[in-house]
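Structural description and commentary
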Amino acid sequence: MTTNQNWDQTFDVVVLGFGGAGATAARFAADAGAKVLLVDAAPEGHEGGNTRYAGQVVGAGTDFDQLKTYYKAMTAPMQLDEDMIDTYVQGMVDMPDYFRRYLGVEPLSIAKDWDHSKVDLHGILHEFPDFPGVNAYDLLVVHERQFDSALWKKLRQEVLARQDKITVWYSSPAKHLIQAADGAVTGAQIEHDHVVLNIQARGGVVLATGGFENNPAMIQDYLKAARLAPIGSLYNKGDGIRMGLEVGADMWHMANYESLGMLHGLTFAGPAGTRGRLLLSWPESANGSTFTVGDDGSRYFNEAEPNKHGHIYYHGTWQVPIANDHPHLIFDQTQWQAIHAGKLPVDNFDAITVKAATLEELAKLIDAKPEVLAKARQDFDDFAKAGRDYAFDRPAETMRAFDAGPYYAVPLRQTVLNTQGGPRRNSRAQVLNPRGAAIAHLYSAGELGGINANQYQGGNNLAECLIWGKIAGENAAHNLGLTATTADAKPDATSGASATEAAAPAASQPASQYPVGPNQYIGRSDEGMGDGIVVRVTYADDKLENVEVLEQSESADVGLKAIKTLPQAMVAANSTEVDAVSGASVTSHALKAAVADALQQAKVGANA
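Residues numbered from 1 in each chain as written. Predicted model: local features only at pLDDT ≥ 70, side-chain atom pairs only at ≥ 80, totals over all residues. Heavy atoms only, no water.

Thoughts on unusual backbone geometry
Both trends apply: most residues other than glycine have a negative phi, and most peptide bonds are in trans. A cis amide bond links alanine 76 with the next residue in sequence, proline 77, at an omega value of 5°. Among the secondary structure elements, proline 77 is positioned in the loop between α3 (64-75) and α4 (82-93). Backbone torsion omega between glycine 405 and proline 406 reads 5°, so that peptide bond is classified as cis. One can find proline 406 in the loop between α14 (370-386) and β19 (407-416). Unlike most non-glycine residues, histidine 309 shows phi in positive territory, near 50°. Here histidine 309 lies in the loop between β14 (290-293) and β15 (312-314). Overall, the relative accessible area of 10% leaves histidine 309 in the buried class. (Helix = DSSP H or I, 4+ residues; strand = E, 2+ residues; numbered from the N terminus. Buried < 20%, exposed > 50% of the residue type's maximum accessible area, 1.4 Å probe, protein only.)

Notes on the side chain of asparagine 256
One can find asparagine 256 in the loop between β11 (251-252) and β12 (257-258). With relative accessibility at 16%, the residue asparagine 256 sits in the buried group. Reaching out from asparagine 256, the side chain makes a polar contact with the backbone nitrogen of asparagine 454 at a distance of 2.7 Å. In contact with asparagine 256, not counting residues within four places along its chain, are Leu223, Thr419, Gln420, Gly421, Asn452, Ala453 and Asn454. (Polar contact = N/O pair within 3.5 Å; in protein donor to acceptor, adjacent residues only side chain to side chain. Contact = heavy atoms within 4.5 Å.)

Details of the nonpolar core
Counting 76 residues, the largest nonpolar core has Val36, Met95, Phe99 and Trp468 as its most contacted members. With 10 residues, the top contributor of residues to this core is helix α15 (residues 460-478). If sequence neighbours within four positions are ignored, phenylalanine 99 has contacts with Val58, Gly104, Val105, Pro107, Leu140, Val141, Val142 and Leu466. Counting residues in hydrophobic clusters, the runner-up holds 36 residues, among them Leu16, Phe212, Met218 and Tyr257. (Core = buried A, V, L, I, M, F, W, Y, C linked by side-chain atoms within 4.5 Å.)

Notes on the pattern of salt bridges
All chains considered together, the criterion is met by 28 salt bridges. A salt bridge links aspartate 526 to arginine 524; the nearest nitrogen and oxygen atoms lie 3.1 Å apart. For aspartate 526, a relative accessible area of 44% corresponds to the partly exposed category. Here the salt bridges do not stand alone but share partners, grouping Arg27, Asp31, Lys154, Glu158 and Arg162 into one network. (Salt bridge = Lys/Arg side-chain N within 4 Å of Asp/Glu carboxyl O.)

Things to note about the sheet that holds strand β24 (residues 520-525)
Spatial strand order, β24-β25-β26: 3 strands in an open sheet with antiparallel pairing. Whereas interior strands pair on both sides, the edge strands pair on one side only; in this sheet they are β24 and β26 (543-551). With direction set aside, neighbouring strand axes in the sheet form an average angle of 25°. Contacts from helix α16 (residues 558-573) reach β25 (533-540) and β26, with the element oriented near 165° to β26. (Pairing = 2+ DSSP bridges. Axes fitted to C-alpha atoms, helices over the stretch in contact; angles between N-to-C directions.)

Quick look at the sheet that holds strand β3 (residues 58-61)
Spatial strand order, β3-β5-β4: 3 strands in an open sheet with antiparallel pairing. Here the strands that pair on one side only, and so sit at the sheet edges, are β3 and β4 (108-109). As judged from the 2 bridges shared by β4 and strand β5 (residues 137-141), these two strands associate in the antiparallel manner. Paired with serine 109 across the strands is leucine 140, a residue of β5.

Observations concerning the environment of lysine 603
With respect to the helices and strands, the residue lysine 603 is situated in helix α17 (residues 585-607). Classification of lysine 603 by relative accessible area gives partly exposed; the value is 42%.

Here's the deal with α16
It helps to recall that an α-helix has 3.6 residues per turn; residues three or four apart then point in one direction. Between its first and last C-alpha, α16 extends 21 Å over 16 residues, near the 22 Å set by a 1.5 Å rise per residue. Its axis deflected by about 35° at threonine 565, α16 carries its strongest bend there, up to four residues before the proline proline 567. The set of residues buried in α16 consists of Gly559, Ala562, Ile563, Leu566, Pro567 and Met570. Backbone geometry just after α16 places asparagine 574 at a positive phi near 55°. (Expected span 1.5 Å × (residues − 1). Bend = angle between axes of the 7 residues up to and from the residue.)

Describing the packing of aromatic side chains
Going through the model one piece at a time under the given rule, you end up with 25 aromatic pairs. Between the aromatic rings of phenylalanine 331 and phenylalanine 349, the centroid separation amounts to 6.3 Å while the plane-to-plane angle is 25°, which identifies the pairing as stacked. Of this pair, phenylalanine 331 sits in strand β17 (residues 328-332) while phenylalanine 349 sits in helix α12 (residues 349-352); the two residues are 18 residues apart in sequence, bridging distant segments of the chain. Look at phenylalanine 349 and you get buried, because its relative accessible area is 0%. (Phe/Tyr/Trp six-rings, centres within 6.5 Å; stacked < 30°, edge-to-face > 60°.)

What to know about the pairing of β19
Of all 10 residues that make up β19, 10 are buried, and the element is covered over most of its length. Pairing analysis gives 3 bridges linking strand β13 (residues 266-268) to β19, with the strands arranged antiparallel. Residue threonine 267 lies in a different strand from β19, and its bridge partner there is arginine 413. In this structure, β17 lies alongside β19, joined through 5 bridges in antiparallel fashion.

Considering empty space enclosed by the protein
Taken as a whole, this structure holds 1 cavity of 30 Å³ or more when the rule is applied. Put simply, the largest cavity is a space of about 50 Å³. Lining the largest cavity, in full, are Ala23, Thr24, Arg27, Phe28, Tyr98, Tyr102, Leu103, Leu155, Glu158 and Val159. A per-element tally of the lining of the largest cavity places helix α1 (residues 20-31) first, with 4 residues. When its residues are assigned to classes, the lining of the largest cavity shows 7 nonpolar, 1 polar and 2 charged. (1 Å grid on protein atoms, 1.4 Å probe; cavity = no way out; pocket = protein on both sides within 12 Å on 5 of 7 lines; lining within 4 Å. Points joined across faces, edges and corners; volume = space filled by probe spheres on them. Nonpolar A, V, L, I, M, F, W, Y, C, P; charged D, E, K, R; others polar.)

Observations concerning helix α7 (residues 150-160)
Within α7, 8 of the 11 residues are buried, leaving the element largely enclosed by the surrounding structure. Of the positions making up α7, those classed as buried are Ala150, Leu151, Trp152, Leu155, Arg156, Glu158, Val159 and Leu160.

Focus on the packing of α3 against α4
Remark: α3 packs on α4, axes separated minimally by 10 Å, with the N-to-C direction vectors making an angle of 125°. For the element pair α3 / α4, the angle class is oblique. Our pair here, α3 against α4, has a crossing hand that is right-handed. Where α3 abuts α4, its residues Phe64, Leu67, Lys68, Tyr71 and Lys72 lie against Glu82, Ile85, Asp86, Tyr88, Val89, Gln90, Met92 and Val93. (Parallel < 35°, antiparallel > 145°, perpendicular 65-115°, else oblique. Left-handed = near helix turned anticlockwise from the far one by under 90°.)

Brief notes about the packing of helix α5 (residues 95-103) against α15
Relative orientation of the contacting elements α5 and α15 amounts to 65°, with a least axis distance of 12 Å. Classified by the interaxial angle, the pair formed by α5 and α15 is roughly perpendicular. Judged by the sense of rotation from one axis to the other, the crossing of α5 with α15 is left-handed. For the pair α5 and α15, the contacting residues are Met95, Tyr98, Phe99 and Tyr102 in the first and Ala463, Leu466, Ile467 and Lys470 in the second. Split into classes, the residues belonging to the contact of α5 with α15 amount to 7 nonpolar, no polar and 1 charged.

What follows is the structure, given as structure tokens:
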């Protein structure tokens, strides 16, 4: 939108999106001397975008030429701008120094430092081992754990440590970009505290709003899928794409997305608008008398093929298959018994499982074609007996012919880890129009218009957040011609303060002080997926009597289940040593750590 009206507030740089890319852009803009407004659509404690939910591994490299060869092999036959590729690859080669210099941690290399005897990560380290240059690729983590939001919390802390220069607004979605008559982006329209405000950005606006995983219309329009199950943030709704289109941005990589999980990115179907369950491994899904079928009841891939972020081998390349609307996992009574002999992959497994006496009845129940499902079963049985899967080359030792029934089906859904499409950018993080010219004062970073196309290697997107987040933030601040001590004295439209003094952020709130009664103690842990967990524990005479969760910002799905069920389990066991909730191991660990912290205080007090 174009406007000449007065500004409600003025900042040097406005960053839209408080995920990995936005946090990085805001931090580096502030370090360059800018006063920054950082906004996110999510409520406080739920910011972080997909970075929060990612595996926390960051792409790195040991040799520029070899790594560039590997990256170009992954994007082939697509052709990208060489300057963009060089910027990306050099950034990954420099990533160990980035960790030390800007994150203050010694990086742990998955290739050199990780103990693969405990958790074997060779499969994600080199997802395309046959590609040239693969051995130059590495993955870095901040410590020897995954999927615990450790990197995200480090990036977030870098923002909070700069409260004198970075103002953060939560639950504040960006609505529009604001342009001058000459097309330059001069600010953004943001809804904050239920008021729509026009915010001036004197240096520039950085789009870091993530992808469109939770926008059903965009999923259908761009990805040729009726619906997908997001396994990351629920707040990525394509806002950056919509705003980019409004100001004339060119779009690229719109058909590219990544998936993750068992069976090439499939998970158990759930209600619309909820996060899909990430299942990295479930052996029973591809070993025995079981196979996966698409909408008509036919098999469409090798169920035992190694997962490559949802990509399946397709005539010389690896592609995410066209998502079926209602795929199912099919199995027989023998497989049902094998599944129940171990730990069920989800608590409601039996509730979502469909059972029928005959295959024809099962096909009708799952809206498949009976003759197609029958043929899929007959072919599968023949291949198992022959010792060769002539359709998809699934290893014969993983196949067992079906028994006489009954038969079962579990509904599945293709997951979406993240989308790559969005406004096209250049190596300076400038957003481009369809003629290849930069839209003045508009930048982008992260998966919104990401560089990754075609095949995808784990760690690439987080590396992109760090690399282009830094470039975007510094370039937006550079437009000001400011140092940390000089500024234009143009007044803020609301407060009358100079731009570098505008809307000074409130100090971060101290940990809440909760009342405690006799034998009550407050415990805390920062090891969860969110901002922190605070508990109040009642403990007397060596007995854990009660656990109350006072603060938490964990994910509102399986994470919330752990918050609700573990306190009672610990009280019943009179111990923190209880089983973690399946799928919520990080939240479970943090909650138990918070209770342990309170118990330690109780025991210290008893011995005082």
